[in-house]
Every structure is written in structure tokens, then in C-alpha cells.
Number of protein chains: 4
Amino acid sequence: MNNELKDIQNQEDKRGIDIQKVGVNGVEVPLIIERKNEKSQTVSAKARLSVTLPHNYRGTHMSRFIEVLSEYSEKNLLGVDIKGLLYDVKNRLESKCAHVKFEFKYFIKKKAPVSEIEFPVGYDCSFQGDLNGDDYKFILGVKVPITTLCPCSKEISKYSAHNQRTMVKVKVSYKENDIIWIEDLIEKVENCGSSQVYSILKRCDEKYVTETAYENPKFVEDVLRDVICILKNDEKITFYEVEVEAQESIHNHNAWAWQAETK
Amino acid sequence: MNNELKDIQNQEDKRGIDIQKVGVNGVEVPLIIERKNEKSQTVSAKARLSVTLPHNYRGTHMSRFIEVLSEYSEKNLLGVDIKGLLYDVKNRLESKCAHVKFEFKYFIKKKAPVSEIEFPVGYDCSFQGDLNGDDYKFILGVKVPITTLCPCSKEISKYSAHNQRTMVKVKVSYKENDIIWIEDLIEKVENCGSSQVYSILKRCDEKYVTETAYENPKFVEDVLRDVICILKNDEKITFYEVEVEAQESIHNHNAWAWQAETK
Amino acid sequence: MNNELKDIQNQEDKRGIDIQKVGVNGVEVPLIIERKNEKSQTVSAKARLSVTLPHNYRGTHMSRFIEVLSEYSEKNLLGVDIKGLLYDVKNRLESKCAHVKFEFKYFIKKKAPVSEIEFPVGYDCSFQGDLNGDDYKFILGVKVPITTLCPCSKEISKYSAHNQRTMVKVKVSYKENDIIWIEDLIEKVENCGSSQVYSILKRCDEKYVTETAYENPKFVEDVLRDVICILKNDEKITFYEVEVEAQESIHNHNAWAWQAETK
Amino acid sequence: MNNELKDIQNQEDKRGIDIQKVGVNGVEVPLIIERKNEKSQTVSAKARLSVTLPHNYRGTHMSRFIEVLSEYSEKNLLGVDIKGLLYDVKNRLESKCAHVKFEFKYFIKKKAPVSEIEFPVGYDCSFQGDLNGDDYKFILGVKVPITTLCPCSKEISKYSAHNQRTMVKVKVSYKENDIIWIEDLIEKVENCGSSQVYSILKRCDEKYVTETAYENPKFVEDVLRDVICILKNDEKITFYEVEVEAQESIHNHNAWAWQAETK
């Protein structure tokens, strides 16, 4: 039956425009992500897949993206297989370039600093892969909540200082044969705040994080620079982008800082 | 031409189900809102309008909601005209009941506490109206950002205390001939936090809000109860619903409290 | 050390207000959900847990919610254990009532209608439990995408009809000893649209869903009534709430219908 | 009092990192936007303002962004004044570069195609300005809802075709002395769909848009290319970015296409 159905997408197009990216967005799919020291974790991902489309074709074949995704959603250890997925997409779609982005919540168990009670923290993470011809680039993304306590507020006030939940988004690219674990990248970022953020804190822990934050005041500029110092000095890393946004407790808007560098 | 087009909505329905609410949702419309002491303010609203539909009709007439909305979006002083709008909807749609909800950002100029520099704060507000037969109920909603500073953290720590942006959502209903101004309701809620939130703060202001918050620690439970005390004692108010959510600076989740009462 | 730290929450409160709900919101946690015919599925959930707080106590103990959640997030088959979780919360927090809501994406494999190619569809689902004294109520929620094709547009147009993605949200409560599977509830709702929605469709499938939708036009009112007919006639079900929202292809707003009934 | 308060932001920083962007994000502010043929429109905007910060300074002065914004929010005809605002920010913050982005809902009255009944449509728009030294760039952004009807579905089906609401996001930059009106850019994009989208449609209009869409089937690729053809041929335009996303009525994910070019 399929044979009788005309392939409109294959019609010739005369507008003369090569399309840079066309595909599917917002595809929900469970993925199996390799973890550093534990068994793999199944996550709920949102996917975007796209290819280039030469000027002479009217349309791409959307269902083929899902077919390739289907094969890879069954595989273990997908993290290292983004390149394979992109080659499959490129080949199935007969295109020059292929791109993929997965966004997902990733859980890491975290101990409270004093009581050492453990509970997972959910981090928004992303895998992004770009295949241009045979040139492959992978970008790992994490979004890490921390506490920041304002140095200015501490300095000028008789006591206390305003502090708030701050989100640090980091994207890094690294050479193909290297590996940077989500766990390691998050841990480095968490050390750049006034204090870390936890899912469970008993009173002894709450005392600890309150005092730690006060002893360690940071502007968004400080957090940004501290994260950059780490990424700059990591020889594996070839590209980074850092965004720090503090949900100010004294305003209804946020303090914000951003930096990107291709090394 | 309109005459020739069959009215499918008017077809008889045999499933025997009276529909409680059917209409349009997410309609974007500019509205003119009456203010307490200044000229009216034009806001960008999202609207939901609905009616009851008797079991014997297949469908309602969606375009008529927009026609009524069109008339009212031109009027000044819409705040007091929700009831009129609902009667018009009810009549145009030949229904027993009509409901409307407008959600919009409302700006109020606010002075910094010491420097007295002024800048608007944007508050999410809502007007909700329910007309059941001739029984009319109006609900005013405001969402107010404040600062809360944790009493437990203050008590157990050598210095400082964690504090955060906290959102207080309040809905109130009052008798038809009364009026409660958005400005007044927001002001009352802002006084129930550890400190207020401002759009602009110079250093002298930042010192003030930091110290004020520390001198005035509050749990979400405290804020909830303080707001309730005010609403309970306001004789105009016949119904209230209060929700307090603190975006904890030490967690990636929120402390939360909720209460509702029909007096 | 914990012993020395004063328990501010246990301070006496003199405002005389019993709090209806206080707890934690937006807690991210992986949960293990029992499935109908397959092994269990691990999902990324957002949780809200709350209890009542008597007027004489100043605050609740937020960390205990997470402690209870911690135990249950390790268990298999959580679906049936909501009641146990609520009793544990109630006991740990020494409260009269306890409430929980979990929201999560749940994947069900679905075959294309003709080619029978299979790919998961992700559905937003929720488990809600309320324990008032010893009175327990469980509410299952699903959000199901379908296609609706407008009967009016079909009738009045020379050819074609506008159609769109429509979201049907259903909540149901049922007796404690019964069970309603997520899979079964979703399947029933999917049969109430003009056509079902799929993750992957080959050309033969696309022909099928296009023609099926045209042969089966439905207003939001039709979908609402068809879903209600099913829920009304299901003797297990003691309460239902249905919301249908069609993302109209011809408007930038939605058609919307809502109904709730406690049987 | 201000004089006594130490300026921590002015402390010397030794990490040696020039910050590319630091400032405020999510600032809510009413703006007055100049319109093509009517009096100006007051909109509710969200603003991000940032500057560069040299390596030797620890922090920027966040309140000064709001002070500059305050002056400009009172002015009429802000559209043409973005450059002035950026110079003021740059000077007040003593920085090399300044950036601003405003996002707001903008209403344009639109007549139904046959009945000619009029109602506003709300469009998400943005003004973005970048001042690097004395090099100024302005980017206008619009998000335009249209209808797309699938050419493949039409071709292979006995009757009808799936169609859906599709969002077209366009950003354009143009020379400083030129002007491109929001109204004109939106109108051009609306002509690139299978049909336009309206807030109000009577039956005669619904017939018209249904038939028009069927006579004019378009993939996301078609819409993208048609929009690009217009932007390519507009000599005023020096840069464009186009994103088309169709909220497929037969899937729970979207078809998506993207292109950008600096001419």
C-alpha cells in the first residue's frame, strides 16, 4: 500500500534554498544514560533531531528521525553513542549534517553535609551532538542549583545578608576520546557557590549551610569567574558556556551573568 | 452567505449530558483596569470564558464569546463591569451560567524604603467572575513577592539566616457593593513578610531590607497566618484562599502552605 | 549536636489558626511505578506533600517529609502504596491529615495503526492521595493528546476541515480495593477523539489517521460527553473530572470544556 | 548614610577574567511602543540588561540598570530609542559594551477575512540591542501564529488533510536609519502559511479559512523557504533568523525548521 502513496517530500523544489535544519522537536522518549560509578539510569528525555535539506528537495522524511531514535532508546550507554545516532540519522535522511539535542532530568544521590542523610537531587541536563560532514562535536549541559549570599549586603549590614537560590548553567565540549562525567561537572560547579543546595537538611545541617554561606559570600560575578577558572584550566575542555542567574531574595528579578569561550 | 451555512452546534444531542463549562481559553486581549488613585492602566490579559450547555444542544457558539469580549475590551473601568460582561455572555449564549477569568500583569509604582527611588513592580493579578442564574460572585486574585527569612536558621546559626523570595497568592471574594482595590490588598500582603521586595535598591536600601528581614524572621506558616488574620478580620471579605511558597535558598524545592475559608 | 539546637517549630503559636496544608512542593524524586502488563517503570516525579498543623504549633518539620519520601522512592509498586506513605507522613508529622501529589511523565508503547511500527508516547500522569483521619481518597490523573476535527468546519466547507491537537485531562477516584490501570484509562480516552495521536506514522498510517479524523468529526463538547459517558458507566469510579482543550488550528486560542462529578 | 557604606563591587578582582555579560534579567516594566499607523501602545515587557565588566573589578552595580530603565520606561516611542538607552547604560556602568532585550506581547487589530469583524491578536515580540563600543545592532523579533496544512496528508488521503497551529519566529536586523514596523513584518509572515489565524471567525469566515488552507498546503519547509525568500529580497534587512514549528495534530511532537543568515 505504501508503494502507491506518492512521496510529496521528494518533489523538486525551485526556490533554491538549502535548509540548514529541519526535523522534529519535542519528541518525548525514555533514554538510558550511563553513570559514573553506578548502573545506568533511565531518564525521560525531550529530543530535537534535525538535518540539512538540499535546495532541490521539497521536504524531509519526519518519521525516519523517530525510527532512528527508536533503535537508540533501547540501547544502554547512550551517552557515548550520540555520534553513532547522528551517522544513522545522516544516512537514513541522506543529508550532509545532522543535529540532536536531548534534555532530561538526571538524579544524583547527595548526602547532607553533617547528618549525612542521603536523598537524590534532580539536575536538568542535556546532550547535544552536531555532525557536519564527518566533523563531530558533542556538548554536555548541566544546570546546577547553588546558594549565593551577597557580599555587598553582608558588608553594609549590621548582621545577616540576603541570600538566594541561584542556577548555574554550564555547557562544555571536549575531545572525542575524552569523557567528562555529569557527576564530576556538577560537583565542580557546586563548589563554586556560597553554599551547596540539598534535598534534605536536618537542623545540624541547616546550621552548617547557613554559616558556610555567610563565611563565603559571592556575587554572580564571583560564581561565574570561579566556574570559568576551573573550565579554563581543564585541558580536556575545548569550549564552555556559563550562565549564572541568582533569584534575588530582595527583588522580583534576577542578577545574571554569562560567558562563552572556544579555546 | 451566512444564512446558507448549516448550524451544526444547534443539532440535537442525545447523550443526555448537561455540560457545566464550555467556552474559550487562552484568549489574549488588552484590558483597561481601573486604579485606586491614578488613571486607568491598560494590561495584557489572558481570558477564559465559559457557559453551561444544556444536554439537548450539541455545541456552543465560540465566536460569540469573543464578540462580547470585544465590546468590553474597549470599555474603561472594566473591574466593576465583570458582572455586566457575564450577563451579556449568558444572554448571547442563551445559557444559565457564565464564567470568566482574566489573568494579567499589573504595575504599581513602589518607593525604595530609604532612598525613596521609585520603580514599578509587576504583580500577577486575576479577576474571576461566576454568574449562576442571578447569583454573582467575584474573586480578586493577587500574587505578591516578599522576602522570608527562616526563624529556625536564625536561631541555630552563629550568624545570618537563610532567606529567599517567597510568593504569596491571595484570592478574595467580597460583597457586590463593596470594593477592594488591588493596591490595598497587595500592600497588606507585603507587610506580612520578613521584608518587602523592591525593583530598585541603593546600598542604603539594601542595608535596610537585609536588617529588617533578620529582625523579622518568618516561616511560610507565619506568613500564612499573618495574612489570614488580616483577611479574617476584614468584614468585607466573604471568602479567601491563601497560598505561600518559599523558594528556599538552601533547597531546590519549596516550602509551601495553603488555606481557604468561606466565611 | 542536634540536641543542642533549639526547635523553633515547636514553639507555641498564639494566633489561633489551624493550618489546613503545610509542607514541601516541587520536590524532584525518581519513583517506581507498577505497570499493567510489563515490569515496573522508573519515572521522574515532582512531589508535593503536606499535613495539617494545629493552631498551637508554630511550624511543621519539613525534613521529615523528605525522609518518608526517601523510603518510598526505593520501593517497587508505589502506585498501591500511596496510602501507606500518607500514614507514615501523618505519623511522623503527628498530624490529623496528610496529602500527596506526584506528577510524572509515563511512557506507553504504541503501535502505528497500519504499519504497526511501535514507539513510546509520553503521557503526563499524576497520583494524588488524601488522608483525612482514616478516610482515604486516591485520585489518578492522565493527560491524553488526541486529534479533533471540527464538525462545523467539515459541514460548511467544500472540502477538508480544520483539525488540531487536543489535550484531554482526566482525573478519577475509585474504591480502595479496586484498581484502574493508567494504560486502561488512557486507552479509553484515546478512543474518544476524531483520531488518536501517535509518535511515528508512515505514509500508510498518515492516510489512515487523516481519513479517520474526517469520518469522525468532534467538537470539544463531543469529546467531553463521550469521555463522561464512559466514566459515568464505570461502576468502579466514584469521582471524575474531565477537561478538554483543543489547540485550534484556526485561532491562537483554545476551545475548552470542563466537567466534574462525585457519584 | 550612603557615603559610609563600602562599595564591595569596586574591590579589585585578581582572577584576571573580563566578564562578557553581567546585569539584570527578568525585570518587569511597562513600555510605550511606537506603532505604525496608530497612537503608541503600552506593553508589559520583561527586560534583560547587561554590560561587560573589566577583569579588575569585582562586581557591576545592578541598581543602575534599573535607574536607566526607569527613565526610558516613561518615554514615548521607545522603539527608536534603544540605542540611546544602551549608551546611557554603557556610560552609567562605565563599560565597553551594553546589551538589552525586551520581550512583550503586542496587540494588532485584525479583521476576519469575510465578515470583517475585528479583534486584536496578541503577538510575542522582542527588541534586542547590542552596543559594542560604538558599533550598534538592533534586532526585531516577532512570533506569528499561522495554520499549516500538510501537503503529504492531502495528497495521499481520499479527503481532508491534517492541519495545525504553527508558530513562526522571525528575527531581523536592519540598518540604523531604516525602519521595519512590527505590523509589516507580521503581515508578511502571515501570508506564508496555508491560512492565517484569527481571534474571531463567524461561520462564513471558518468556511473561508478551511478551504483556503486546503488549497494551499504547506510543509514547515515550505513556510521557512517562503519567509526566507521575502527576507532575502528585502534590501533593508542585513540579518535574519527564522524558526518554524508546527504543533502537529497527528503527533504529540512538532515538525521544526530553522535558518539564519547574515547578509
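Criteria and thresholds
- Residues numbered from 1 in each chain as written.
- Chains lettered and ligands numbered in written order.
- Predicted model: local features only at pLDDT ≥ 70, side-chain atom pairs only at ≥ 80, totals over all residues.
- Heavy atoms only, no water.
- Helix = DSSP H or I, 4+ residues; strand = E, 2+ residues; numbered from the N terminus.
- Buried < 20%, exposed > 50% of the residue type's maximum accessible area, 1.4 Å probe, protein only.
- Contact = heavy atoms within 4.5 Å.
- Areas by Shrake-Rupley, 256 points an atom, 1.4 Å probe, with all protein chains shown as cover.
- Lys, Arg positive; Asp, Glu negative; His and termini not counted.
- Charge placed at Lys NZ, Arg CZ, Asp CG, Glu CD.
- Least-squares fit on C-alpha atoms with pLDDT ≥ 70 in both.
- Domains from an automatic or database assignment.
- Buried area = accessible area lost by both parts, 1.4 Å probe.
- Salt bridge = Lys/Arg side-chain N within 4 Å of Asp/Glu carboxyl O.
- Polar contact = N/O pair within 3.5 Å; in protein donor to acceptor, adjacent residues only side chain to side chain.
- Nonpolar A, V, L, I, M, F, W, Y, C, P; charged D, E, K, R; others polar.
- Pairing = 2+ DSSP bridges.
- Axes fitted to C-alpha atoms, helices over the stretch in contact; angles between N-to-C directions.
- Parallel < 35°, antiparallel > 145°, perpendicular 65-115°, else oblique.
- Left-handed = near helix turned anticlockwise from the far one by under 90°.
- Disulfide = S-S within 2.5 Å.
- Phe/Tyr/Trp six-rings, centres within 6.5 Å; stacked < 30°, edge-to-face > 60°.
- Arc of directions from axis to C-beta.

A.B. asks: Help me out: how do you make sense of the overall build of chain A in this one?
C.D. replies: From N to C terminus, chain A includes six helices and nine strands. Within chain A, the fraction of its 263 residues that count as buried is 63%. Across chain A, every contact between residues at least 6 apart in sequence was considered, and the portion connecting residues at least 24 apart equals 65%. Surface summary for chain A: the accessible area is close to 10,000 Å², and the carbon and sulfur share equals 43%. Each charge class in chain A can be summarised by its mean position, and for the 38 positive and 42 negative side chains these summaries are 2 Å apart.

A.B. asks: Whenever I open this one, the relation of the copies chain A and chain D confuses me. Can you help?
C.D. replies: The operation relating the two chain copies consists of a rotation about an axis and a shift along that axis. Mapping chain A onto chain D calls for a rotation angle of 180° and an axial translation of 0.0 Å; the resulting RMSD is 0.0 Å. Overall, the copies show the geometry of a two-fold rotation axis. Of the C-alpha atoms belonging to chain A, the one lying closest to the rotation axis is found on alanine 260 of chain A, 10 Å away. Of the interface residues in chain A, 100% have counterparts in chain D that sit at the interface too, so the contact is made through matching surfaces.

A.B. asks: Would you explain unusual backbone geometry in this entry?
C.D. replies: Glycine aside, residues mostly have negative phi angles, and peptide bonds mostly take the trans form. Residues and elements named next belong to chain B. Positive phi, close to 65°, is recorded for serine 160, a residue that is not glycine. On the secondary structure map, serine 160 appears in the loop between helix 3 (151-156) and strand 6 (163-174). Judged by relative accessible area, serine 160 falls into the buried class, the value being 2%.

A.B. asks: What exactly am I supposed to notice about the domain arrangement of chain A here?
C.D. replies: As a measure of interface size, the accessible area lost when the parts come together is often cited. All names here are of chain A. On domain assignment, one finds that chain A holds domain 1 (16-100) and domain 2 (112-263). Taking the mean C-alpha position of each, domain 1 and domain 2 sit 29 Å from one another. In this assembly, 17 residues from domain 1 lie in contact with 16 residues from domain 2. At the boundary of domain 1 with domain 2, total buried surface from both sides reaches about 1,400 Å², with 58% on carbon and sulfur atoms. Taken together, the connections running from domain 1 to domain 2 amount to two salt bridges. The tally of links between domain 1 and domain 2 comes to nine residue pairs in polar contact (both at pLDDT 80 or more). Secondary-structure elements contributing two or more residues to the side of domain 1 that touches domain 2 are helix 2 (82-92) and strand 3 (97-111). With five residues, the top contributor of residues to the side of domain 1 that touches domain 2 is helix 2.

A.B. asks: Please explain the pattern of salt bridges as it appears in this structure.
C.D. replies: Side chains that differ in sign of charge can pair as their charged atoms come close. Going through the model one piece at a time under the given rule, you end up with 82 salt bridges over all chains. The partner of glutamate 155 of chain A in a salt bridge is lysine 6 of chain D, and the shortest N-O contact between them spans 4.0 Å. Remark: lysine 6 of chain D occurs in the segment before strand 1 (19-33) and glutamate 155 of chain A occurs in helix 3 (residues 151-156); the pair is interchain, linking two chains. Classification of glutamate 155 of chain A as partly exposed rests on a relative accessible area of 39%. Here aspartate 13 of chain B ties to arginine 15 of chain B by a salt bridge, and the two come within 2.5 Å at their closest N and O atoms. Salt bridges here are not isolated pairs; linked through shared partners, they connect Asp13, Arg15 and Arg58 of chain A together with Lys218, Asp222, Arg225 and Asp226 of chain D.

A.B. asks: Before we go on, may I ask you to explain the relation of the copies chain D and chain B in this structure?
C.D. replies: Between chain D and chain B, the superposition needs a rotation of 180° and an axial shift of 0.0 Å, giving an RMSD of 0.0 Å. Residue by residue, 100% of the interface of chain D is reproduced at the interface of chain B, so both copies engage with the same surface.

A.B. asks: Hey, could you run me through the interface of chain A and chain D in this one?
C.D. replies: Listed as interface residues are 55 residues of chain A and, on the opposing side, 55 residues of chain D. Overall, the association of chain A and chain D removes approximately 4,500 Å² of surface from exposure, summing both partners, and the carbon and sulfur fraction of that is 55%. The largest contributions to the chain A side of the interface with chain D come from Arg15, Arg225 and Trp256 of chain A, which together make up 18% of the buried area. For the pair chain A and chain D, the interface holds 11 salt bridges.

A.B. asks: Please clarify how the interface of chain D and chain B should be interpreted in this entry.
C.D. replies: Counting residues at the interface gives 34 residues for chain D, matched by 34 residues for chain B. In this assembly, chain D packs against chain B so that about 3,000 Å² is buried in total across both faces, 60% of it on carbon and sulfur atoms. Of all residues in chain D, Glu28, Phe119 and Arg203 of chain D bury the most surface against chain B, accounting for 22% of the area lost on that side. Scanning the region where chain D abuts chain B turns up six salt bridges. A salt bridge links aspartate 7 of chain D to arginine 203 of chain B; the nearest nitrogen and oxygen atoms lie 3.6 Å apart. The interface formed by chain D and chain B includes eight residue pairs in polar contact (both at pLDDT 80 or more). Across the side of chain D that touches chain B, the residue classes tally to 14 nonpolar, eight polar and 12 charged.

A.B. asks: Help me understand the pairing of strand 1 (residues 19-33) of chain A in this model?
C.D. replies: Remark: a regular strand shows side chains that alternate across the two faces of the sheet. Within strand 1 of chain A, 12 of the 15 residues are buried, which leaves the element mostly enclosed by the surrounding structure. Taken together, the 12 bridges between strand 1 of chain A and strand 2 (residues 41-53) of chain A define a ladder with antiparallel strand orientation. Residue pairing for strand 2 of chain A: leucine 31 of chain A is matched across the bridge by valine 43 of chain A. Two strands pair when backbone bridges link them, and strand 1 of chain A and strand 9 (residues 254-262) of chain D are joined in this way by five bridges, in the antiparallel orientation. Within strand 9 of chain D, the position partnered with asparagine 25 of chain A by the bridge is asparagine 254 of chain D.

A.B. asks: I tried to follow the pairing of strand 6 (residues 163-174) of chain A on my own but got confused; where do I start?
C.D. replies: All names here are of chain A. Burial analysis of strand 6 places 10 of its 12 residues in the buried class, the great majority of the element. Alignment of strand 5 (residues 135-149) against strand 6, held across 11 bridges, turns out to be antiparallel. Bridge assignment links leucine 140 to a residue of strand 6, and that residue is valine 172. Across nine bridges, the pairing between strand 6 and strand 8 (residues 237-246) is antiparallel. For methionine 167, the partnering residue across the bridge sits in strand 8 and is glutamate 245.

A.B. asks: Honestly, the environment of arginine 48 of chain D in this entry has me stumped. Any pointers?
C.D. replies: Locating arginine 48 of chain D in the fold gives a position in strand 2 (residues 41-53). For the pair formed by arginine 48 of chain D and cysteine 150 of chain D, sequence separation is 102 residues and the distance between their alpha carbons is 38 Å. Ignoring any residue separated from it by four or fewer positions in sequence, one finds arginine 48 of chain D in contact with Glu243 and Trp256 of chain A together with Val24, Asn25, His99, Val100 and Lys101 of chain D. Here the side chain of arginine 48 of chain D touches asparagine 25 of chain D through a polar contact of 3.2 Å, side chain to side chain.

A.B. asks: What is the right way to look at the packing of helix 1 (residues 62-73) of chain B against helix 2 (residues 82-92) of chain B in this model?
C.D. replies: Packed helices, taken two at a time, are described by their axes: the angle between them and the distance between them. Residue and element names in this part refer to chain B. Put simply, helix 1 and helix 2 touch, their axes get as near as 10 Å, and they point 150° apart. Our classification of the angle between helix 1 and helix 2 gives roughly antiparallel. Where helix 1 crosses over helix 2, the handedness of that crossing is right-handed. Together, Arg64, Phe65, Glu67, Val68, Leu69, Glu71 and Tyr72 of helix 1 and Gly84, Leu85, Asp88, Val89 and Arg92 of helix 2 make up the contact between the two elements.

A.B. asks: What am I meant to see in the state of the cysteines here?
C.D. replies: Structurally, a disulfide amounts to a covalent bond that connects the sulfur atoms of two cysteines. Residue and element names in this part refer to chain B. Applying the stated criterion across every chain yields a total of zero disulfides over all chains. Distance from the sulfur of cysteine 192, which forms no disulfide, to the nearest cysteine sulfur (cysteine 229) is 8.5 Å. The exposure class assigned to cysteine 192 is buried, which follows from its relative accessible area of 3%.

A.B. asks: Is there a simple way to explain the packing of aromatic side chains in this structure?
C.D. replies: We describe a pair of aromatic rings using the distance from one ring centre to the other and the angle between the two ring planes. One pass over the full model with this rule turns up 20 aromatic pairs over all chains. Ring geometry for tyrosine 159 of chain C versus tyrosine 214 of chain D: centroids 4.9 Å apart, planes at 35°, classification tilted. With tyrosine 159 of chain C in the loop between helix 3 (151-156) and strand 6 (163-174) and tyrosine 214 of chain D in helix 5 (residues 203-214), this pair bridges two chains. Look at tyrosine 214 of chain D and you get buried, because its relative accessible area is 13%. When the ring of phenylalanine 138 of chain D is compared with that of tyrosine 174 of chain D, the centres are 5.9 Å apart and the planes differ by 75°; the resulting orientation is edge-to-face. Within this pair, whereas phenylalanine 138 of chain D is found in strand 5 (residues 135-149), its partner tyrosine 174 of chain D is found in strand 6 (residues 163-174), the two being separated by 36 residues in sequence. The rings of Phe104, Tyr106, Phe127, Phe138 and Tyr174 of chain A are connected pair by pair, giving a single aromatic cluster.

A.B. asks: Is there a simple way to explain helix 2 (residues 82-92) of chain D in this structure?
C.D. replies: Note that an α-helix has 3.6 residues per turn; residues three or four places apart therefore point the same way. Residue and element names in this part refer to chain D. Looking at helix 2, one finds that the buried residues are Ile82, Leu85, Leu86, Val89 and Lys90. Taken around the axis of helix 2, the buried residues stretch over an arc of 135°, which confines them to a single face. In this structure, the buried residues of helix 2 make contact with strand 2, helix 1 (62-73), strand 3 (97-111), strand 4 (118-132) and strand 5. In the segment just after helix 2, glutamate 94 is the residue with positive phi, at about 50°.

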